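An overview of the molecular structure
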Amino acid sequence: MKQASYFFFLLSCVLLITGFVVAYHYGDYSAEYSSLHDSSWDEMGHVVGGDAYNYIIMGMRGILYGVASLVFAIIGCFFFILDRLDKHKEETPSLTLNKEGEQFGSEI
């Protein structure tokens, strides 16, 4: 369970970083910059014709990556808690009651 927890935490971090990159990176479309790179680089982050619409779309994509990151972090916490509960269950001695109501069981 602990490995699954680490996997989901790592996935959460990757999605969070990707969300910030997607939300805050918007390509530079100047003539000098585009001459240094191939033509496919010019269209990075460009979804529709207007800049304002592109900012809105890229911001919403960044928010969606952030929400997905939060979901995977919660799943990672769930697996971490399950792992801790399983360890606690293994370490706890079993106690039973006898006829007089006294507790007895294995001592650690």
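All figures in this text were calculated on a predicted structure; none of them were measured in a lab. (Residues numbered from 1 in each chain as written. Predicted model: local features only at pLDDT ≥ 70, side-chain atom pairs only at ≥ 80, totals over all residues. Heavy atoms only, no water.)

Per the secondary structure count, the protein chain includes four helices and two strands. When the helices and strands of the protein chain are placed in sequence order, the string is α-α-α-α-β-β. Buried positions account for 15% of the 108 residues belonging to the protein chain. Excluding contacts between residues fewer than 6 apart, the proportion of contacts in the protein chain whose partners are at least 24 apart in sequence is 53%. Surface summary for the protein chain: the accessible area is close to 8400 Å², and the carbon and sulfur share equals 67%. (Helix = DSSP H or I, 4+ residues; strand = E, 2+ residues; numbered from the N terminus. Buried < 20%, exposed > 50% of the residue type's maximum accessible area, 1.4 Å probe, protein only. Contact = heavy atoms within 4.5 Å. Areas by Shrake-Rupley, 256 points an atom, 1.4 Å probe, with all protein chains shown as cover.)

A word on the environment of Leu-10. Mapped onto the elements, Leu-10 comes out in helix α1 (residues 2-24). For Leu-10, a relative accessible area of 55% gives the class exposed. Expressed as a C-alpha distance, the spacing of Leu-10 and Ser-69, which sit 59 residues apart in the sequence, is 9.6 Å.

What follows deals with a nonpolar patch on the surface. Residues Val-48, Tyr-53, Ile-56, Met-60, Ile-63, Val-67 and Val-71 make up a contiguous nonpolar surface patch of roughly 670 Å² in combined accessible area. Take Ile-63: it is sitting in helix α4 (residues 51-91). Accessibility expressed as a relative area gives 49% for Ile-63, which makes it partly exposed. (Patch = residues over 30% accessible without salt bridge, like charges linked within 9 Å, V, L, I, M, F, W, Y side chains within 5 Å. Salt bridge = Lys/Arg side-chain N within 4 Å of Asp/Glu carboxyl O.)

Inspection of the entire model under this criterion finds five aromatic pairs. Residues Phe-7 and Phe-8 carry aromatic rings whose centres are separated by 5.5 Å and whose planes lie at 70° to one another, so their mutual orientation is edge-to-face. Residue Phe-7 is classed as partly exposed on the basis of its relative accessible area, which comes to 47%. Among the residues examined, Phe-8 registers a relative accessible area of 16% and is labelled buried. Seen in terms of ring centroids, Phe-20 and Tyr-24 are 6.1 Å apart; in terms of plane orientation they differ by 10°. Their pairing is stacked. Remark: Tyr-24 and Phe-20 occur in helix α1; sequence separation between them is four residues, near one turn of the helix. With relative accessibility at 67%, the residue Tyr-24 sits in the exposed group. Through a chain of ring-to-ring contacts, three or more aromatic side chains come together here, namely Phe-7, Phe-8, Phe-72, Phe-78 and Phe-79. (Phe/Tyr/Trp six-rings, centres within 6.5 Å; stacked < 30°, edge-to-face > 60°.)

With respect to the secondary-structure elements, Arg-84 resides in helix α4. A C-alpha to C-alpha distance of 8.8 Å links Arg-84 and Lys-2, two positions 82 residues apart in sequence.

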